[in-house]
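# Analysis of the macromolecular model
Listed below are the residues making up each chain.
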Amino acid sequence: MIFVTDGQLPLRQCLHPEACSKNIQLSEFYESFYDLRKEFSSFYHAAEEMHSIRAMVEYLGMLPNPDLEPIEFQAEDVRNMLNLVLRLIADGHKFNQLEVITVRLEPGICSKNEEVDSNCVVRARGLPWQSSDQDIAKFFRGLNVAKGGVALCLSPQGRRNGEALVRFVNQEHRDMAMKRHKHHINNRYIEVYKASGDDFVNVAGGSNNEAQAFLSKGGQVIIRMRGLPYDCTARQVLEFFDSGNNPCSVLDGEEGVLFVKKPDGRATGDAFVLFAQEDDATAALGKHRELIGTRYIELFRSTTAEVQQVLNRSMDPKTYEQQQPLIAQIPQVPLLPQHIITSGTRKDCIRLRGLLYEALVEHILEFLGEHAKNIVFQGVHMVYNAQGQPSGEAFIQMDSEQSAFLAAQQRHNRYMVFGKKQRYIEVFQCSGEDMNLVLTGGIPAQKVLTSPGMSPPGAWDATNMLPLRLTEAPAPLWPVSSPASPPMAPQRAAPSALMPSAAAAFPHHQMLLLNPRLAMAAAAHYQQQQQHQAAVAAAQAHAHAQVAALQRFKSLQMMNAQNVAAMKRSWEQAFPAGAAAAVPAPIKRPSNFPQTAFSAPPPPTNAAASVATPVMYQQGPQFYPSL
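Described below are features of the structure shown in this document. (Residues numbered from 1 in each chain as written. Predicted model: local features only at pLDDT ≥ 70, side-chain atom pairs only at ≥ 80, totals over all residues. Heavy atoms only, no water.)

### Notes on the pairing of strand β11 (residues 267-275)
Of all nine residues in β11, seven are buried, a share of seventy percent or more. As paired elements, strand β9 (residues 221-226) and β11 share six bridges and run antiparallel to each other. By the bridge assignment for β11, isoleucine 222 is matched with leucine 274. Here strand β10 (residues 257-261) runs beside β11; their pairing, made up of four bridges, is antiparallel. Across the sheet, the residue bridging to valine 257 is valine 273, located in β11. The turn linking β10 back onto β11 is made up of five residues, and glycine 265 within it adopts a positive phi angle of 95°. (Buried < 20%, exposed > 50% of the residue type's maximum accessible area, 1.4 Å probe, protein only. Helix = DSSP H or I, 4+ residues; strand = E, 2+ residues; numbered from the N terminus. Pairing = 2+ DSSP bridges.)

Laid out in structure tokens, this is it:
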């Protein structure tokens, strides 16, 4: 039995997508059909494309029989389709354009030299990061995706970025795929846009012979392994999948394992593994986060295009070139005292990842249990994110490499409980150099900066150092000979910061807020602040001198008034009222009357001074008695 449909949409765009979204398994009868419109157009060579049953009936002049009773619209279409099929058979047409719906995505290999039709490619954006090629094929269920036609796009760091390029068998299917724009995968809507064939080749194409040989083995399932030990062998990978309650066999044994290596041959910790059957995928992915040695292994469903991308990038020397620092053009300034952060290549430190945001130093000590006694003085450093909130990571300095190894081995993936919350914590062994690199933002230390509690007076200005935030003047964390700085007012916090906590032995002390990204800007700001404060200090000193001069002037003015009053009384006694006398000459200033009382100080030279210049007399007051 084979279906005959009125166009492609009933099965491809309605039945199959709806059944897939509701997990309904359709019979094989729904995977093939004849398109009546295509069959009609190819046989009668109609100049116009037939868009409906009525158009085909009118084209052949098949008028409805007036003797038949009128029926519903859908039933009438079915009757007309039957009449059209009978007419085609009667006219000698043979139905040979069978349409097939591909339900399962088939693997395939794309080379760099392959030409891909740009009218057959779309870009899907907004995919969940854990989506596999099969998930994307399910989103386009009902449409035929070409072999190996799903290429997951990767970020510069090699992680999936939520985009994929999908190649269809022809333009007709691409046009139907465009109609699924903003349809959903779970609770995420997916954007669908047109893309070019070059875009697909750049992502999915490869020229690596080793990858070509690996993919040509015909495995139905590709699993990507991440986090492998650098000295891991193919035999260890086979034993990893063969062990446990639900073992699975790798296709072709050791030949089915492909390690990703750098151009110099060193391992990257990634590998791809082939499996023969689709059922093996569930068993293989069930071993996610199981251990090889002391390392847990992450497993992901992969694609042929991803294998090509990863191999192409791994062989590109530019992939592993060291990134230039963002602030390389500005002199580098260290941000932490070397008394706090250790250095060296000895792996005597551990890194905790996945901490609860509410976790404090005491919770970390409780999580480590008996290993907490091996923490060195001032050895707990908690990392904060760009918004000043806990990032869920911490570095801890241990007293030896053995202590760090045991802590990482015994506490890795154990749960930290905080109230009703619990999370498993990842614990890694690392070196002091690794910790120093993270906590200092990747800036090498050139000059040691002491903390405010260690600075001599005048060497630390809280208003100028942006990277530090203190709410009160803390006690020194270790004995010092120099006196402590004066209390510091709360300062604005930097927008991007790392914050190592105080030592485990002194959990009550304040924490340093570090700003590696704005440190250089803060240094320039510090110099500008120094210049500005020097100018303000000079203006204030001059203003104080003006105030003192004004006070002296007022006191002398009062003395002058007293002398004038005494002289007036003497004059009135010598010349009673009404007595005729010659107009005396103006009275001279007393010889002891200070000249400075009548000279004004110079006006202020800085507009920032807040003291107004008083209006001074340029000549001393003179007294003329009345006649």
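### Re the packing of aromatic side chains
Scanning all chains against the criterion turns up 11 aromatic pairs. For the pair phenylalanine 140 and phenylalanine 168, a centre-to-centre distance of 5.4 Å together with 80° between the ring planes defines the contact as edge-to-face. Taken together, the residues phenylalanine 140 in the loop between α5 (133-139) and β5 (145-154) and phenylalanine 168 in strand β6 (residues 160-168) connect sequence positions 28 residues apart. Residues phenylalanine 140 and phenylalanine 168 agree in their burial class; the two are buried. The structure contains a cluster of three or more aromatic residues connected by ring pairs, namely Phe40, Phe43, Tyr44 and Tyr59. If you follow arginine 411 out to its NZ or CZ, it ends over the ring of phenylalanine 367, 4.9 Å from the centre. (Phe/Tyr/Trp six-rings, centres within 6.5 Å; stacked < 30°, edge-to-face > 60°. Lys NZ or Arg CZ within 6 Å of the ring centre and 35° of its normal.)

### Some thoughts on the pairing of strand β17 (residues 390-398)
If a strand is regular, its side chains alternate between the two faces of the sheet. For β17, the tally of buried residues reaches eight of nine residues, placing the bulk of the element in the interior. Pairing between strand β15 (residues 349-353) and β17: five bridges, direction antiparallel. Residue pairing in the sheet places arginine 353 in a bridge with glutamate 393 of β17. Where strand β16 (residues 375-384) folds back onto β17 in an antiparallel hairpin, the turn is made up of five residues, including glycine 388, whose phi is positive at roughly 80°.

### Quick notes on the sheet that holds strand β1 (residues 3-5)
The three strands are arranged β1-β2-β3 in an open sheet whose pairing can be described as mixed. Where the open sheet ends on each side, the last strands, each with one partner, are β1 and β3 (98-100). If you compare each strand with its neighbour and ignore which way they point, the axes differ by 45° on average. Where β1 and strand β2 (residues 32-35) come together, three bridges link them in parallel fashion. (Axes fitted to C-alpha atoms, helices over the stretch in contact; angles between N-to-C directions.)

### Remarks on the pattern of salt bridges
Opposite charge on two side chains allows them to pair when their charged atoms are near. Counting across every chain of the model gives 25 salt bridges. Across the salt bridge formed by glutamate 254 and arginine 235, the nearest N and O atoms sit 3.3 Å from each other. Here arginine 235 lies in helix α9 (residues 234-242) and glutamate 254 lies in the loop between α9 and β10, a separation of 19 residues in the sequence. For arginine 235, a relative accessible area of 44% puts it in the partly exposed group. The shortest N-O distance in the salt bridge between arginine 351 and glutamate 393 comes to 2.6 Å. Note that arginine 351 is positioned in strand β15 and glutamate 393 in strand β17, a separation of 42 residues in sequence. Each member of the salt-bridge network shares a partner with another, and the members are Arg12, Lys38, Glu99 and Glu172. (Salt bridge = Lys/Arg side-chain N within 4 Å of Asp/Glu carboxyl O.)

Geometric values such as these leave the question of function open.
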